[in-house]
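Chains, contacts and geometry: an overview
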Amino acid sequence: MKNNMAPIVEFELPSTEQSGPKSLRDKVYGYLLQKFELGHLFPGAVIDQKEICADLGISRTPLSNALIRLEAEGIVSIHPRSKVVVNKLEEDDIHYLYEIIGSIEATLITKGFSHYTSDILEQMQSWNEQMRIFVENDNLSGYDPLHYRFHQMFVQMAPNKFAERILNPIKNRLWDIPKKSFPRQWYLDSCLEHQFVLDALREGNLEKAVSYHKQVHWGFEFNKKYIQIAYYL
């Protein structure tokens, strides 16, 4: 597992907390996500709220609001009048999250099926080919944003704010808290799977695309060997 201990970027606050409490909460939320991603806060760790407030020069309120959002996303557990703990991701959790993503994205593909024009599919094809080239050249930092963009297209073809609000935190939890270093072959396999789905959509075979996407690309048992390496070795 990758443990990049690079420094966190400077935290910028608005002039007063009252001028934008929601904006401030989001800034604190983003700051905490970055600490998770860089491995400064790791699964099982207790969050030192006093230290974070002191470091950022903020009151407890925006931090509490950010932590409530993180708890709703399953990233932390708040123990009232006690502590806030970063949740560990168990194998059963990953199994469940894979099923959620597979089911939601399969539904999005179905709902947006008529919108996958040749231009859209060519764009997704281009991203997938670039992803494969990045992996073959060991440039995983180039792969990640294209991977997000590729999967985000399923939302764009069938916009649904609820689906997006569910999917994004789950993907962050699986991939970026902390930032993972996955087996190289897993990336290459994913590119092949993306290609299979694109080919099925090009053929107009919705059932084939959806079934493969859900049962293979997001199939827990199919990916289990890689999951065990990435998360538990």
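Residues numbered from 1 in each chain as written. Predicted model: local features only at pLDDT ≥ 70, side-chain atom pairs only at ≥ 80, totals over all residues. Heavy atoms only, no water.

1. Section: the overall build of the protein
For the protein, the count of helices and strands is 10 helices and 2 strands. Sequence-ordered secondary structure for the protein, helices as α and strands as β, is α-α-α-β-β-α-α-α-α-α-α-α. Considering only contacts within the protein whose residues lie at least 6 apart along the sequence, 72% involve residues at least 24 apart. On the protein, roughly 12300 Å² of surface is accessible, and the fraction owed to carbon and sulfur atoms is 52%. Where the 26 positive side-chain charges of the protein centre and where its 30 negative ones centre are 5 Å apart. (Helix = DSSP H or I, 4+ residues; strand = E, 2+ residues; numbered from the N terminus. Contact = heavy atoms within 4.5 Å. Areas by Shrake-Rupley, 256 points an atom, 1.4 Å probe, with all protein chains shown as cover. Lys, Arg positive; Asp, Glu negative; His and termini not counted. Charge placed at Lys NZ, Arg CZ, Asp CG, Glu CD.)

2. A short note on helix 5 (residues 118-136)
With 19 residues, helix 5 should reach 27 Å at 1.5 Å per residue; the first-to-last C-alpha distance of 27 Å fits that figure. Residues Ile 120, Leu 121, Met 124, Gln 125, Trp 127, Asn 128, Met 131 and Val 135 constitute the buried set of helix 5. For helix 5, the arc enclosing every buried residue in end-on projection is 165°, short of the 170-degree limit, so these residues lie on one face. Exposed and facing more than 90 degrees away from the buried side of helix 5 are Ser 118 and Asp 119. For helix 5, the secondary structure elements touched by its buried residues are helix 6 (140-157) and helix 8 (184-203). (Expected span 1.5 Å × (residues − 1). Buried < 20%, exposed > 50% of the residue type's maximum accessible area, 1.4 Å probe, protein only. Arc of directions from axis to C-beta.)

3. A few points about the nonpolar core
Of all hydrophobic cores here, the largest spans 48 residues; its most connected members are Ile 94, Leu 108, Tyr 116, Met 124, Leu 174 and Tyr 231. Secondary structure elements with two or more residues in this core: helix 4 (91-111), helix 5, helix 6, helix 7 (161-175), helix 8, helix 9 (206-217) and helix 10 (220-232). Ignoring sequence-local partners within four residues, the contact set of Tyr 116 consists of Ile 109, Leu 121, Met 124, Met 153, Phe 154, Met 157 and Leu 201. Membership of the second largest hydrophobic core comes to 23 residues, among which are Leu 32, Cys 53, Ile 58 and Val 84. (Core = buried A, V, L, I, M, F, W, Y, C linked by side-chain atoms within 4.5 Å.)

4. What about the layout of surface pockets?
When its volume is computed, the largest pocket comes out at roughly 320 Å³. Considering the residues around the largest pocket, the lining is formed by 15 residues, among which Ala 72, Glu 73, Gly 74, Leu 97 and Ile 170 are closest to the centre. For the lining of the largest pocket, the elements supplying multiple residues, two or more each, are helix 3 (60-72), helix 4 and helix 7. In terms of residues, the lining of the largest pocket owes the most to one element, helix 7, which gives 5 residues. Residues belonging to the lining of the largest pocket are distributed by class as follows: 7 nonpolar, 2 polar and 6 charged. (1 Å grid on protein atoms, 1.4 Å probe; cavity = no way out; pocket = protein on both sides within 12 Å on 5 of 7 lines; lining within 4 Å. Points joined across faces, edges and corners; volume = space filled by probe spheres on them. Nonpolar A, V, L, I, M, F, W, Y, C, P; charged D, E, K, R; others polar.)

5. Some words on the environment of Ala 106
Position of Ala 106 relative to the elements: it lies in helix 4. Separated by 107 residues in sequence, Ala 106 and His 213 have C-alpha atoms that sit 6.8 Å apart. Ignoring anything within four residues of it in the chain, the contact list for Ala 106 reads Val 210, His 213 and Lys 214.

6. Quick notes on the environment of Val 197
With respect to the element layout, Val 197 can be found in helix 8. Put simply, Val 197 and Ala 209 are 12 residues apart on the chain and 4.8 Å apart in space, counted from C-alpha to C-alpha.

7. Let's talk about the packing of aromatic side chains
Across all of its chains, the model carries 11 aromatic pairs by this definition. An angle of 20° between the planes, with centres 5.5 Å apart, marks the rings of Trp 186 and Tyr 226 as stacked. Of this pair, Trp 186 sits in helix 8 while Tyr 226 is found in helix 10, placing the two residues 40 residues apart along the sequence. Of the residues examined, Trp 186 reaches a relative accessible area of 8% and is grouped as buried. A connected cluster of aromatic rings, assembled from ring pairs, spans Tyr 143, Phe 182, Trp 186, Tyr 187, Tyr 226, Tyr 231 and Tyr 232. (Phe/Tyr/Trp six-rings, centres within 6.5 Å; stacked < 30°, edge-to-face > 60°.)

8. A word on the side chain of Gln 49
Counting through the fold element by element, Gln 49 comes out in helix 2 (residues 49-56). On the accessibility criterion, Gln 49 (16% relative accessible area) is buried. In contact with Gln 49, other than residues within four places in its own chain, are Arg 60, Leu 63, Leu 67 and Val 84.

9. Structural notes on the confidence of the model for the protein
Per-residue pLDDT for the protein averages 88, and the proportion of residues at 70 or more is 90%. In this model residues 1-21 is a low-confidence stretch, pLDDT under 50, and it forms 43 contacts with partners more than four residues away in sequence or in other chains. (pLDDT = per-residue confidence, 0-100.)

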